[in-house]
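Structure assessment
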2 protein chains.
Amino acid sequence: MTALTPSMARLVQQLSRLPGIGEKTAGRLAFWILRADREYAQALAEAIISMKDETRLCSVCFALTEVDPCPICTDPQRSAETICVVEEPPDLLAVERARGFRGRYHVLHGTLAPLDGVGPDELKIQPLLTRLRDGAVREVILATNPNAEGEATALYLAKLIKPLGLRVTRIAHGVPVGGDLEYVDVMTVGRALEGRREM
Amino acid sequence: MTALTPSMARLVQQLSRLPGIGEKTAGRLAFWILRADREYAQALAEAIISMKDETRLCSVCFALTEVDPCPICTDPQRSAETICVVEEPPDLLAVERARGFRGRYHVLHGTLAPLDGVGPDELKIQPLLTRLRDGAVREVILATNPNAEGEATALYLAKLIKPLGLRVTRIAHGVPVGGDLEYVDVMTVGRALEGRREM
């Protein structure tokens, strides 16, 4: 890569650190940015910095926000009676996109992973318990991912929360909407049978 | 995407304008940048701006450079007798990576595409002819791409350059090294036969 200019080589190097972006893709992106108008480069650079500066965690639910508490926590239209617990901010987005949920959230920022040294204190579990003790909450929906770590974390939380006298639910496992039974894995089909409901 | 913060939404929007980056990938990149340390965000933003500010075109060969003329044009180790003509800056990199070439370059910044309104005046053809008239050059290697536009541009240039009494060559077409004849397209096999050489 002798003929990349030093400033392009630096940009390629920084872009290659992004997940899923190899050196070749980074080179292609750098050339594209070079060709784009200066306004775009400026807007992109500013968007990176301002996102970093302005986005922080809500002190109540630990969702990403620019105001604290976040708009969901302060929305009077949303019920304080139900809290949906998710692993990461993108999971919150996934639930919001489904549009059915009108309660509030709590973002754990991870799952229990004892082998990686992630215990309860590394997650936002204590703040969750504190929230649950204020009396407004009636149900906690555990929406951690349907994998080993997510299940273990859900079980751990259920054990902590049930003694508080709250309803604890887990999102349903089953065949995905639009999926084809033939191609769904056995575990999922098994769970879908277990979770069958009256029609 | 109700729950993206405004600054994240702006970053996702800017990232989605990059080629090959859809909204989903942009979201993933934005979350990754949010998680990365602030130094990385700063370094990435600065790399974008400084690349834009510092990289320009060499006034001799129109390669990308930060100094004018570019390091290749002023390298006394590189012969001024041979000029390799390429379409775009990445093509120059491709030839440099092959390491065999010790002459200089000329970047056209496009190919002739009359239907898209790209005529000879839109490319760096006049400056090429001016360079060729200074007496130092003996051979011009036409390394435009082996597709319809590249071939047409090479033919056009050959017609202009030959009358100047210079040697004009075209990069060889043939089967790629490591390729399997069975899977090479017929055009390429045909060209490889035409271009056969004594062993």
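Residues numbered from 1 in each chain as written. Chains lettered and ligands numbered in written order. Predicted model: local features only at pLDDT ≥ 70, side-chain atom pairs only at ≥ 80, totals over all residues. Heavy atoms only, no water.

1. Observations regarding the relation of the copies chain B and chain A
Applied cut-off: Residues below a pLDDT of 70 in either copy are left out; the C-alpha atoms of the rest, at least 70 in both, set the least-squares superposition of the copies. Whether two residues are in contact is decided by their heavy atoms, any of which lying within 4.5 Å being enough.
Each copy superposes on the other: chain B lies on chain A with an RMSD of 0.1 Å after a rotation of 180° and an axial shift of 0.0 Å. Accordingly, the operation relating the two chain copies is best matched by a two-fold axis. Relative to the rotation axis, the C-alpha of Ala45 of chain B is the closest in chain B, positioned 2.1 Å from it. Here 100% of the contact residues of chain B are again contact residues in chain A; the copies associate through an equivalent surface.

2. Points about the pattern of salt bridges
Quick note on the threshold: Whenever a carboxyl oxygen of Asp or Glu lies within 4 Å of a side-chain nitrogen of Lys or Arg, that contact is scored as a salt bridge. Segments assigned H or I by DSSP are reported as helices when at least four residues long, segments assigned E as strands when at least two residues long, and all are numbered from the N terminus. Throughout this description, buried means an accessible area under 20% of the type-specific maximum (1.4 Å probe, protein chains only), exposed means over 50%, and partly exposed covers the range between.
Scanning the model with the defined rule gives 14 salt bridges over all chains in all. Here Arg170 of chain A makes a salt bridge to Glu151 of chain A, at a shortest N to O gap of 3.3 Å. Highlighted residues: Arg170 of chain A in strand β6 (residues 167-170) and Glu151 of chain A in helix α7 (residues 148-161), separated in sequence by 19 residues. With a relative accessible area of 26%, Arg170 of chain A lands in the partly exposed category. For Glu151 of chain A, a relative accessible area of 19% corresponds to the buried category. Across the pair Arg138 of chain B and Glu81 of chain B runs a salt bridge, and its minimum N-O distance is 3.6 Å. Of the two residues, Arg138 of chain B sits in the loop between α6 (125-132) and β5 (139-142) while Glu81 of chain B sits in the loop between α4 (71-74) and β3 (82-86), which places them 57 residues apart along the sequence. By relative accessible area, Arg138 of chain B is classed as exposed at 58%.

3. Describing the confidence of the model for chain A
We count it as follows: Every residue carries a pLDDT, the predictor's confidence in it, which falls somewhere between 0 and 100.
Model confidence for chain A is summarised by a mean pLDDT of 90, while 97% of its residues fall at 70 or above. Across the interface, the model reports ipTM at 0.77; the global pTM reads 0.75.

4. Considering the domain arrangement of chain A
Test applied: Annotation comment: domain bounds sourced from an automatic or database domain assignment.
Annotation of chain A at the domain level lists domain 1 (6-54) and domain 2 (76-170). If you average the C-alpha positions of domain 1 of chain A and of domain 2 of chain A, the two centres end up 36 Å apart.

5. Some thoughts on the nonpolar core
Nonpolar side chains tend to gather and get buried jointly when the protein is soluble and globular. Put simply, the test is: To form a nonpolar core, buried Ala, Val, Leu, Ile, Met, Phe, Trp, Tyr and Cys residues must be joined to one another through side-chain atoms within 4.5 Å.
Grouped together as the largest cluster of nonpolar side chains are 44 residues, with contacts concentrated most on Leu11 and Ile33 of chain A together with Leu11 and Ile33 of chain B. Contributing elements (two or more residues each) for this core: α1 (6-16), α2 (23-35) and α3 (38-54) of chain A together with α1 (6-16), α2 (23-35) and α3 (38-54) of chain B. The residues touching Ile33 of chain A, leaving out its near neighbours within four places in the chain, are Leu11, Tyr40, Ala41 and Leu44 of chain A together with Leu18, Ile48, Met51 and Lys52 of chain B.

6. What about the sheet that holds strand β4 (residues 104-107) of chain B?
All names here are of chain B. Defined as follows: The criterion for strand pairing is that DSSP finds at least two bridges linking the strands in question. Whenever a helix is involved, its axis is fitted only over the stretch in contact; in every case the axis is a line through C-alpha atoms, and angles between N-to-C directions fall within 0 to 180 degrees.
With parallel pairing, the four strands of this open sheet are ordered in space as β4-β3-β5-β6. Pairing within the sheet leaves two strands with one partner each, and these edge strands are β4 and β6 (167-170). Direction aside, neighbouring strands of the sheet carry axes that sit 25° apart on average. Where β3 meets β4, four bridges bridge the pair, whose relative direction is parallel. Along β4, the bridge assignment pairs Val85 with His106. Sitting on the sheet, α6 touches β3, β4 and β5, and the angle it makes with β4 is about 150°. Where helix α7 (residues 148-161) meets the sheet, its contacts fall on β3, β5 and β6, and the angle it forms with β6 comes to roughly 170°.

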